[in-house]
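# Analysis of the macromolecular model
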Amino acid sequence: MAELQKKLQTEVEKFQAVQKDYQKHVNLRQQLDAQLNENSLVKEELDRVEDGANVFKMIGPVLVKQDVTEAKQNVQKRIDYINGEIKRHEGAIKDLEKKQESQREALSKLQQQLQQQQVKAAARS
């Protein structure tokens, strides 16, 4: 019975580790969504700007003049990169969801086994 309890404890720890990892990826995914929304708004604003207009980029505390087409390209590259990261995190989240489910099943089986042993032990005494 002690061996089964140790096994159960190990599975619970594994499950908690998977949950922690899952939550980390979900939080990162949310941050990427926020960045994507911000960059999409910047892209929309840049699309409204005329080609000859002045566009500035903040580098540290300094505003540096930047070409409109270069600014549009930079924002599009950033959007593409963020989309790639979102897809990567979504894949990781799906994998972790599957791991969580298998861990849940393993925990459930171990709990049932432990309960059966406890019932048998109670019946003997």
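Heads up: these notes are all about the structure in this document. What you are looking at is a predicted structure, and each value in this text was computed from that prediction instead of being measured.

Next up on the list: the side chain of Asn39. Tracing the backbone through its elements, the reader meets Asn39 in helix H1 (residues 2–48). Of the residues examined, Asn39 reaches a relative accessible area of 7% and is grouped as buried.

Counting 10 residues, the largest nonpolar core is built from Leu32, Leu36, Leu46, Val55, Val68, Ala71, Val75, Ile79, Ile82 and Ile86. When contributions to this core are tallied by element, the ones reaching two or more residues are H1 and helix H2 (68–124). Examining the composition of this core, we find that six residues originate from one element, H2, more than from any other. The next biggest cluster of nonpolar side chains, apart from the first, holds six residues, and it includes Leu4, Leu8, Leu107 and Leu110.

We now examine the pattern of salt bridges. Per the stated rule, a full pass over the model turns up eight salt bridges. Between Arg48 and Glu45 there is a salt bridge, with its nearest N and O atoms 2.9 Å apart. Taken together, the residues Arg48 and Glu45, both in helix H1 and three residues apart, mark about one turn of the helix. Looking at Arg48, the relative accessible area reads 61%, which means it is exposed. One salt bridge connects Glu85 with Arg88, and the closest N-O pair in it is separated by 2.9 Å. One end of the pair is Glu85 and the other is Arg88, both in helix H2 and three residues apart, which spans about a single turn. Residue classification places Arg88 among the partly exposed residues on the basis of a relative accessible area of 48%. Within this structure, Arg29, Asp33 and Glu90 form a network of salt bridges that share partners.

Basis of the calculations
Every residue gets a number counted from 1 within its own chain, in the order that chain's sequence is written. Per-residue local features of the predicted model are confined to residues with pLDDT of at least 70, and side-chain atom pairs are confined, for both listing and counting, to 80 or more; whole-chain, interface and lining totals are unaffected and use all residues. Where side-chain values are given, they derive from all heavy atoms of the structure, hydrogens and water being excluded. The secondary structure listing takes helices from DSSP runs of H or I that are at least 4 residues long and strands from runs of E that are at least 2 residues long, numbered from the N terminus. Whether a residue is buried, partly exposed or exposed follows from its accessible area with a 1.4 Å probe, protein chains only, as a fraction of its type maximum: under 20%, in between, or over 50%, in that order. To define a nonpolar core, start from buried Ala, Val, Leu, Ile, Met, Phe, Trp, Tyr and Cys residues and group those joined through side-chain atoms within 4.5 Å. For this document, the term salt bridge refers to a Lys or Arg side-chain nitrogen within 4 Å of an Asp or Glu carboxyl oxygen.

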